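Examining the three-dimensional arrangement
What follows is the residue order along each chain.
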Amino acid sequence: MAKKKPTLYEKLSTKRAVRIFWTVVIAPFALILVLLAMTAAGAFGKLPTFEELENPQSNVATEIITEDGKMLGTFHVESRTFVSYNELPTDIVAALVATEDARYYGHSGIDFISLARVALRTVGLGQNQGGGSTITQQLAKNLFKRKGFILTDKLKEWVTAVKLEHNYTKEEIIAMYLNTVFYGHNAYGVKTAAQTFFNKAPGDLAVQEAALLVGVVNAPTRYSPLSNPDNSLTRRNTVLRRMQSVGYLSRAQTDSLTALPIELDYHAVSHDEGSGTYFREMLRLVMQAEKPTRRQYLNDYDFLYELRRWESNPLYGWVHKNKKADGRPYDIYRDGLKIYTTVNSSMQLYAEQAVEERLKNEIQPYMDDQFKRTKVVFQGQTKAQIATLIANAMRYSDRYLEMEAVGATPEQIDAAFDKPTQMKLFTYKGLRDTLITPRDSIVHFKKMMRASFVAIEPSTGQVKAYVGGPNFRYFKYDNAKQGKRQCGSTIKPFVYTFAFSQLGLDPCTPVPNLPVTIETYSKEPWSPKEASRVEYNGEMHPLKWGLAHSRNNYTAWIMKQANAPEAVADFLHNMGIRSWIDPVHALALGTMDVSLYELVGAFTTFANKGVSTEPIFVTRIEDRAGNLISSFLPETTDAISEQTAYTTLQVLQEVVNNGTGYRLRGSYGFNGQMGGKTGTSQESRDAWFVGVTPKLVGGAWVGGEDQSVHPMRAGEGSVIALPIFGEFMKRVYADPKLGISQADVFETPPGGVTYRCDGVTELEPVTPEAAEEEFF
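Computed from a predicted structure; not experimentally measured.

1. What about the overall build of the protein chain?
When its secondary structure is counted, the protein chain shows 28 helices and 22 strands. Counting all 776 residues of the protein chain, 53% fall into the buried class. Residue pairs in contact within the protein chain that sit at least 24 positions apart in sequence constitute 69% of those at least 6 positions apart. In the structure as shown, the protein chain presents an accessible area of about 36200 Å², 53% of it carried by carbon and sulfur atoms.

2. Let's talk about the sheet that holds strand E17 (residues 618-622)
Overall, mixed pairing links the five strands, which are arranged E2-E1-E5-E17-E18 in an open sheet. Each edge of the open sheet is held by one strand with a lone partner, namely strand E2 (71-75) and strand E18 (628-631). Neighbour to neighbour, the strand axes of the sheet diverge by 20° on average, direction disregarded. Here strand E1 (residues 62-65) pairs with E2 via four bridges, running antiparallel. Its bridge partner lying in E2, Thr-62 is registered against Phe-75. On top of the sheet, helix H12 (residues 277-287) reaches E1, E2, strand E5 (338-341) and E17; it is set at about 45° to E2, its chief contact.

3. Quick look at the state of the cysteines
Applying the stated rule across the entire model yields one disulfide. Between Cys-508 and Cys-757 runs a disulfide, and the two sulfur atoms are separated by 2.0 Å. Across the S-S bond linking Cys-508 and Cys-757, the dihedral sits near -90°, which makes this disulfide left-handed. Highlighted residues: Cys-508 in the loop between helix H20 (492-502) and strand E11 (510-512) and Cys-757 in the loop between helix H27 (717-733) and helix H28 (768-771), separated in sequence by 249 residues. Summarising the burial analysis for this pair, Cys-508 and Cys-757 share the class buried.

4. Quick notes on the pattern of salt bridges
A full pass over the atoms with the stated rule returns 34 salt bridges. Across the pair Arg-485 and Asp-686 runs a salt bridge whose closest N-O atoms are separated by 2.7 Å. Of this pair, Arg-485 sits in strand E10 (residues 485-486) while Asp-686 sits in strand E21 (residues 686-692), placing them 201 residues apart in sequence. Close ionic contact of Asp-735 with Lys-737 constitutes a salt bridge, the shortest N to O distance being 2.6 Å. Take Asp-735: its relative accessible area is 7%, and that puts it in the buried class. Exposure remark for Lys-737: the relative accessible area of 60% places this residue in the exposed category. Beyond isolated ion pairs, a larger network of salt bridges with shared partners links Glu-357, Glu-727, Lys-730 and Arg-731.

5. A word on the confidence of the model for the protein chain
Looking at the protein chain as a whole, the pLDDT averages 88, with 86% of positions reaching at least 70. Ignoring residues within four places in sequence, the model shows residues 126-130, a span with pLDDT below 50, making eight contacts including any to other chains.

6. Here we look at the nonpolar core
Leu-283, Phe-453, Leu-572, Phe-617 and Phe-728 are the most contacted members of the largest nonpolar core, which totals 140 residues. Here this core takes 10 residues from H27, the largest share from any one element. Each residue touching Phe-617, except ones within four places of it in the same chain, is listed here: Phe-279, Met-282, Leu-283, Val-286, Leu-315, Thr-341, Thr-342, Val-463 and Tyr-597.

7. Points about the pairing of E1
In E1, alternate side chains face the same way, and those of Thr-62 and Ile-64 on one face and Glu-63 and Ile-65 on the other are all buried. Here E1 folds back onto E2, and the loop between the two strands holds five residues, one of which, Gly-69, carries a positive phi near 85°. As defined by bridge partners, E1 adjoins E5 across three bridges and the pair is classed as parallel. When the sheet's bridge partners are listed, Ile-65 is paired in E5 with Tyr-340.

8. Quick notes on the sheet that holds E21
The five strands lie next to each other as E9-E8-E22-E21-E20, forming an open sheet whose pairing is antiparallel. Edge positions in the sheet fall to strand E9 (462-467) and strand E20 (675-680), since each of these pairs with one other strand and no more. Strand-to-strand twist in this sheet, taken as the mean axis angle between neighbours without regard to direction, amounts to 10°. The pairing of strand E8 (residues 450-457) with E9 spans five bridges and is classified as antiparallel.

Rules behind the numbers
- Residues numbered from 1 in each chain as written.
- Predicted model: local features only at pLDDT ≥ 70, side-chain atom pairs only at ≥ 80, totals over all residues.
- Heavy atoms only, no water.
- Helix = DSSP H or I, 4+ residues; strand = E, 2+ residues; numbered from the N terminus.
- Buried < 20%, exposed > 50% of the residue type's maximum accessible area, 1.4 Å probe, protein only.
- Contact = heavy atoms within 4.5 Å.
- Areas by Shrake-Rupley, 256 points an atom, 1.4 Å probe, with all protein chains shown as cover.
- Pairing = 2+ DSSP bridges.
- Axes fitted to C-alpha atoms, helices over the stretch in contact; angles between N-to-C directions.
- Disulfide = S-S within 2.5 Å.
- Salt bridge = Lys/Arg side-chain N within 4 Å of Asp/Glu carboxyl O.
- pLDDT = per-residue confidence, 0-100.
- Core = buried A, V, L, I, M, F, W, Y, C linked by side-chain atoms within 4.5 Å.

Have a look at this one:
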């Protein structure tokens, strides 16, 4: 049978179909290829270079890491920290691929099948079919943001995606993507997101948690588990079902997982939140410090000391002393550094808990009762002085500065501070909604007592815990290192050590219990009084009795024997007291202003066999790739002999066993070797306690922001500062992983002498009431 010839209509139809095919399919495809070639050649603008692809720029947060490997916090513009592919759980990789790019392992950066699907549905069916971008394209868009025409930007994105596929493995691209995307709530990158929403490392995420994070990326606000939990749950379950559709999850697993509620352990990404806030801020200030200038300091001594420290301490001003390979200084907010600190995460938590617990349950309730009873907040101040104090606080408030910035007059600002306003006030028992004038809110905060705590390992000088105040969000001032106050009787152990080291005295030297008068350089007699009524009965007591009971006359007796306050001041500096000390006889009673940080550091000399060690809180700094940039070792000085240190340890233990520190035995039941010293400044303005154990030295300070705010009674160091140390050590002793126990002992030096004081009136037993007395 002869083959039927196509009709004219059929010929025209075939030609038309071919023409349509060329017009609709081949021509656009060819045009796209031409445009891509032109884009690759740079016709539409600069593309990322090979070097830029190898080192994409992104704002990577600097990580602050504890000695036990926990992330304490970050310095960041965008809170982003990187993880490698090996640190990612398979669940989150599977969730990402199933949801965002099912053919990820089969394309080279562009999924033409997906693009054709989107084009067909958008053009042919009139449906807005967004998407079609591969994971690699999304990464290209995140890393190399463009602001040109939509078409040319999309072409550049495609070319960049192909280049990324050429330069990186599929695994590296997935890791880079998860490290760059935004998850909402200031969390950039999967590591920060896992920490923010679940308080976990990425490798510890459960399947449903990994699915939630992948789902959030599509629209961080719409799918936020905090702001829109219902949307987030729906989106999470969509991701889980897509994981099922590609065979990663079974039907039973999917049904079980989608039935689970969202369970968060939210930790806000903020410099004001989390653990170690005061420590992180102190670290930032040290690393970014400019070279000191004279006008910053009240005296030459403090200036010259800080200048020497800036020149000799490589961490002090680190960002100004170190350059990157390209010659630019490091940026701690963007360069993704890793700062390895000496802080122990558990000890830091225990210190923060101890400070918070004592302020919340004991110290502030006592002060609130005092304010209520006496109607007095600022003791010893006139109305004019109080008005000036409040006015100064107003000028530094955000409200005042904001009103001033928009041109408000002083009269308008003053009126605004007297207008009742609805606000949330911080208290140690939580935020309180109230209607109050801004001026009265300042008084509210002035009423709140402050406390700080520092713990240092004596053998290394490493700072293990650092609490600068009660709450960094509301109280920015650091009372651990920045603040300096009169240290009272906590200085006395150093005066006694001077006696042992320089005067040939020992703990058993008999001294009469009598008033002491010294003729000063000005020819004026100086005769210190005790803080409470005591009997000067002339009875002979061993020298250590004076320290145990914090008697001023015994410390003054030592100063009279020395008759060289300059030598004592130099001795104290050599022991680790870095602040200026006025070389007068009264220094023996702690009239100088010191920081808790330096005081605790100086006390470590006793437990470190006489070696004074400058406290250290960073061991090394690495770049984002793990390359070592800097390492740090403490500065040490042989301050006193090992025997002298051991002698002072003996008298410090008497303070705890039979003196003003007895509460550690009586109330806390500690039975291990432990020494310490209480201290209180005039009128109980500042309360101190420093405790010394064989492996840890810790100190606490308690006081008001203004020195006119203080307890009228029961404000001694033994009453309100010592318990912070006690609560801290109770937690430390209960944690076996820390390796610190009550079985630890102070090491006796070879040929060391232990003083028993036979034949001299020994220390009488101390009652709990007597242990609460503090003698300045």
